[in-house]
Amino acid sequence: MATKMKEVDVVIVGLGWTGGILAKELSAAGLKVVALERGGQRSTEADFSVPAVRDELRYVVRHDLMMNTQKDTITIRNNVSQEALPMRRLGSFLPGDVVGGSGVHWSGHTWRWTDMEFKVRSLYEERYGKKSIPEDMTIQDWGISYGELEPYYDKFEYTAAVSGKAGNIRGKILPGGNPFEAPRARDYPLPPLTPVLAQEMFKAAALNSGYHPFPRPSANASRAYTNPDGSRFGACQYCGHCQRFGCEANAKGSAHITVIPIAMRSPNFELRTHAWVTKVLKDSSGKRVTGVTYTNVLNGEEFEQPAAMVLLTAYAINNVHLMLLSGIGQPYDPASQKGVIGKNYCYQTGASATLFFEGRHFNPFMNAGGSSTTIDDFNANWNFDRGKQGYVGGFIVAGAFNTALPIGYRPVPGGTPPWGTAWKAATAKWYDTAMQINMSGSVMANRYNYYDLDPTYRNAFGLPMMRMTFDYKENEHKIGRHAAQVINDIAKSMNPTRLNPAVARTEPWTVVPYQSTHNTGGTMMGTNPKTSALNKYLQSWDCHNLFSVGANVFPHNAVYNPTGPVGALAYWTADAIKNRYMKNPGPLVSA
Amino acid sequence: MKNDGIDRRKFLKSAVAGGAAAATVSLPRAAEAQPAGPAPASQGSPAPANTYAYLNPDEAAFVEALVDHMVPADQYTPRGTELGLNTYIDRALAGGWGKGDRLYMQGPWKQGAPSQGYQLPLTPAELYRTGIAAANAFCVKTYGKSFDKISESQREEFLLGLRAGKVVFENGPPARVFFATLYQNVMEGMFADPIYGGNRNKAGWKMIGFPGVVAVHYQNVEKYRDKKYSVDPISISDMS
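The model shown is predicted, which means the values in this text are computed figures rather than measured ones.

Here is what the cut-offs are and how they apply
- Residues numbered from 1 in each chain as written.
- Chains lettered and ligands numbered in written order.
- Predicted model: local features only at pLDDT ≥ 70, side-chain atom pairs only at ≥ 80, totals over all residues.
- Contact = placed C-beta atoms within 7 Å.
- Helix = DSSP H or I, 4+ residues; strand = E, 2+ residues; numbered from the N terminus.
- Nonpolar A, V, L, I, M, F, W, Y, C, P; charged D, E, K, R; others polar.
- Core = buried A, V, L, I, M, F, W, Y, C linked by C-beta atoms within 7 Å.
- Buried ≥ 20, exposed ≤ 12 C-beta atoms within 10 Å, placed from the backbone.
- Domains from an automatic or database assignment.
- Expected span 1.5 Å × (residues − 1).
- Pairing = 2+ DSSP bridges.
- Axes fitted to C-alpha atoms, helices over the stretch in contact; angles between N-to-C directions.
- Parallel < 35°, antiparallel > 145°, perpendicular 65-115°, else oblique.
- Left-handed = near helix turned anticlockwise from the far one by under 90°.

## Considering the interface of chain B and chain A
In step 1: Each side of the interface is counted separately: chain B has 50 residues, and chain A has 56 residues.
In step 2: Looking at which element gives the most residues to the side of chain B that touches chain A, the answer is helix α9 (residues 203-208) of chain B, with 4 residues.
In step 3: Classifying every residue of the side of chain B that touches chain A gives 28 nonpolar, 11 polar and 11 charged.

Below, the structure is given as structure tokens:
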């Protein structure tokens, strides 16, 4: 029998960026908060210090900070006629498994998603007509506006030490920034990072091609910084070990050095690590949740933690999984298209070219997570006519370096032998003299891309695994072909000695190699309980004292990295709970 | 130089066969026998003796031949066994990774589509054991000898065939999955920090100009933009 704990006001499931923000905000507002985190605690001093942290094999190849598939994984397939099989080893995406979550090992790219996403169906229908959206493309408006979210983006950027250059302050277009970004109230808290050679060369080529390059905004502190909460950051050292590593310099915006330590100082907050939540409990009416059950993975002891409110703030996939395991909301069925839980799972797409320049020195080991100069001409630029290309969405293109360490990054021109002296000669010659241009493309929701519970495979707790059914559709292939052409045109204009051109993807999505930890959707926010799982405050339509914050609430996936809106929505939801829900607990939007 | 492995293998086999104990004593025997074997030449600090925690003598001979073929001695680096690539692989197989750490190992087992990734009911250590046996069987059938005894050009042909999916192991593990694992591990051994047994004397890092673990580049980003950054690489144990 599970040990029943004393009831608290709030139980938080998963302590990364979103759980950390809510833990800090709600404990400061006087609520008794308990956070349950399945992973352990890591600290900069003990775990991310030199020299031990500079270990590509341990962190990049063997996934030391990531979820362990021995305990829990998902099953995967490309379409409904295939039999899903377990993702036995991590590959395509890497959810974190420590206090601080994936925010410990991310690169820091922090974007503001705009009304182009939040009003996606309305805008495309208005400009290109209803027929421009394929029948199976289940995109819908999000029920929130950029104007509502702007102050919360600002709050997250200042908390996370984002370095960047504004392109649009209150409607005034500023040189050097992204001219296509939505208006912001003020500039970033920190100036852009110092660009590396690849960025400078890409910038010149992009300008020559008539594009609008700018430094990608990133939560890597370009100089020492103290955020509004008093959390202190060191300056980024361009150490080249960013993505998949914890930051030795405390220069990367991460919850474990900002909001979580602040919450920990509150007498209202308690963190329990190694606490694996297995179910959200409901009362007999099914309209309220009453707490969660969890297992202490250090000794197997089971607990019930009653709570007046439950916040699901784990990795996006796990938030959806818990909803399905707990029977909250109606599971989505692609045949009937009824139900919402599991619907609109989306991912991202990418492609890259490698450019070889005899005699240049790129120093691929000197870069920040955000060492990227980017163009947004084919994404946020609404004047870019999608009608000619025939797709919904777009892509960004960048000249960038990020974690180019030698087990994983050894560029050689196409046709180089895979081993032997000729391979060594090419590897030695080009490691320092090559750069890449890459793209990230959106993935629009599709009727047949979704999550449900696997009928066969079970995790270490005997629970059905999450089943992911996903593949790229024609819309993504069109984006990929166009992006590859744009990349290759820019690359050729730079006259490299050799070029491995970008190639648009034609194969199905595969679970290897690594692609992107930007898994979105499954419990969409929206305006109507028939078509979404959560209202605009990320409150469950079914159980008003249940909220979920993460990329799982996105109805589709944009071009940009997701952490900007994920962080902003966490602050937005914290305000909704503090200012509205606490005063009058109940649905914040009437169905 | 390739004869070193073969000679030692013969030596180990005879050492085991000549011993009173069962075949399972090969590990301590190997450790004991090694000082009598030929001392490999190397630059810098002497290479430790090739003793193995997981690989049996046949497997050791295969891995030694593999790493010396893929990483021959030339103007760039000493050969694979002198870089410790065999030691790296052996330790990886003997340790957590080889035993299936972070690998979901529950059935039901199905072959699956390539897009579904690794689906074998084998830990990496088991994949090596069965894969090497199948590879040697293929080589004996095709060339009349095991992989470690065939010629350089036959090794090249065999490995290219393995990589391209032309070599098929009947009733064995999928040859391409086996090859992908071998190749990844050789590269890891060449470029991972030397604490794992490979990249001896940081030869892999020196070859490409990777500076290692010291990475305070706040000022270097500008100072060395488009300039060669030449330092003697520093590894984890250099700083410990």
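## Looking at the nonpolar core
In step 1: By size, the foremost hydrophobic cluster in this structure holds 241 residues, and its most contacted members are Ile12, Val13, Ala23, Val310, Val397 and Ile487 of chain A.
In step 2: Broken down by element, the residue count for this core peaks at 9 residues, all from helix α13 (residues 563-581) of chain A.
In step 3: Both of domain 1 (52-203) and domain 2 (209-240) of chain B provide at least three residues apiece to this core.
In step 4: Excluding residues within four positions of it along the chain, Ile487 of chain A makes contact with Ala351, Ala353, Val397, Ile437, Met439 and Ala502 of chain A.

## Focus: helix α5 (residues 85-94) of chain B
All names here are of chain B.
In step 1: When you tally the buried positions in α5, you get 8 out of 10 residues, the bulk of the element.
In step 2: When we look at burial in α5, the residues that qualify are Leu85, Asn86, Thr87, Tyr88, Ile89, Asp90, Ala92 and Leu93.
In step 3: As for α5, its buried residues are in contact with α3 (57-70), α4 (80-83), α6 (124-143) and α8 (175-191).

## Here's the deal with α13 of chain A
In step 1: Its 19 residues give α13 of chain A an end-to-end C-alpha distance of 25 Å, which sits within 8% of 27 Å, the value for a rise of 1.5 Å per residue.
In step 2: For α13 of chain A, the tally of buried residues reaches 14 of 19 residues, placing the bulk of the element in the interior.

## Here's the deal with the sheet that holds strand β5 (residues 85-86) of chain A
Residue and element names in this part refer to chain A.
In step 1: Spatial strand order, β5-β4-β21-β20: 4 strands in an open sheet with mixed pairing. The open sheet is flanked by β5 and β20 (450-458), the only strands paired with a single partner.
In step 2: Both strand β4 (residues 74-77) and strand β21 (residues 464-469) contribute to a ladder of 4 bridges, which runs parallel. Its bridge partner lying in β21, Ile76 is registered against Met468.
In step 3: On top of the sheet, helix α9 (residues 316-326) reaches β4, β20 and β21; it is set at about 70° to β20, its chief contact.

## Some points on the packing of α3 of chain B against α5 of chain B
Residue and element names in this part refer to chain B.
In step 1: Between α3 and α5, the least distance of the axes is 9 Å, while the angle of their chain directions is 135°. Relative to α5, the element α3 is oriented oblique. Where α3 crosses over α5, the handedness of that crossing is right-handed. Contacts from Ala60, Val63, Glu64 and Val67 of α3 reach α5 at Leu85, Asn86 and Ile89.
In step 2: Here the residues of the contact of α3 with α5 are counted per class, giving 5 nonpolar, 1 polar and 1 charged.

## A short note on the domain arrangement of chain B
Residues and elements named next belong to chain B.
In step 1: As far as domains go, chain B holds domain 1 (52-203) and domain 2 (209-240).
In step 2: Each of domain 1 and domain 2 has a C-alpha centre, and these two points are 32 Å apart.
In step 3: If you look at the interface, domain 1 gives 4 residues, while domain 2 gives 5 residues.
In step 4: Considering only residue class, the side of domain 1 that touches domain 2 consists of 2 nonpolar, no polar and 2 charged.

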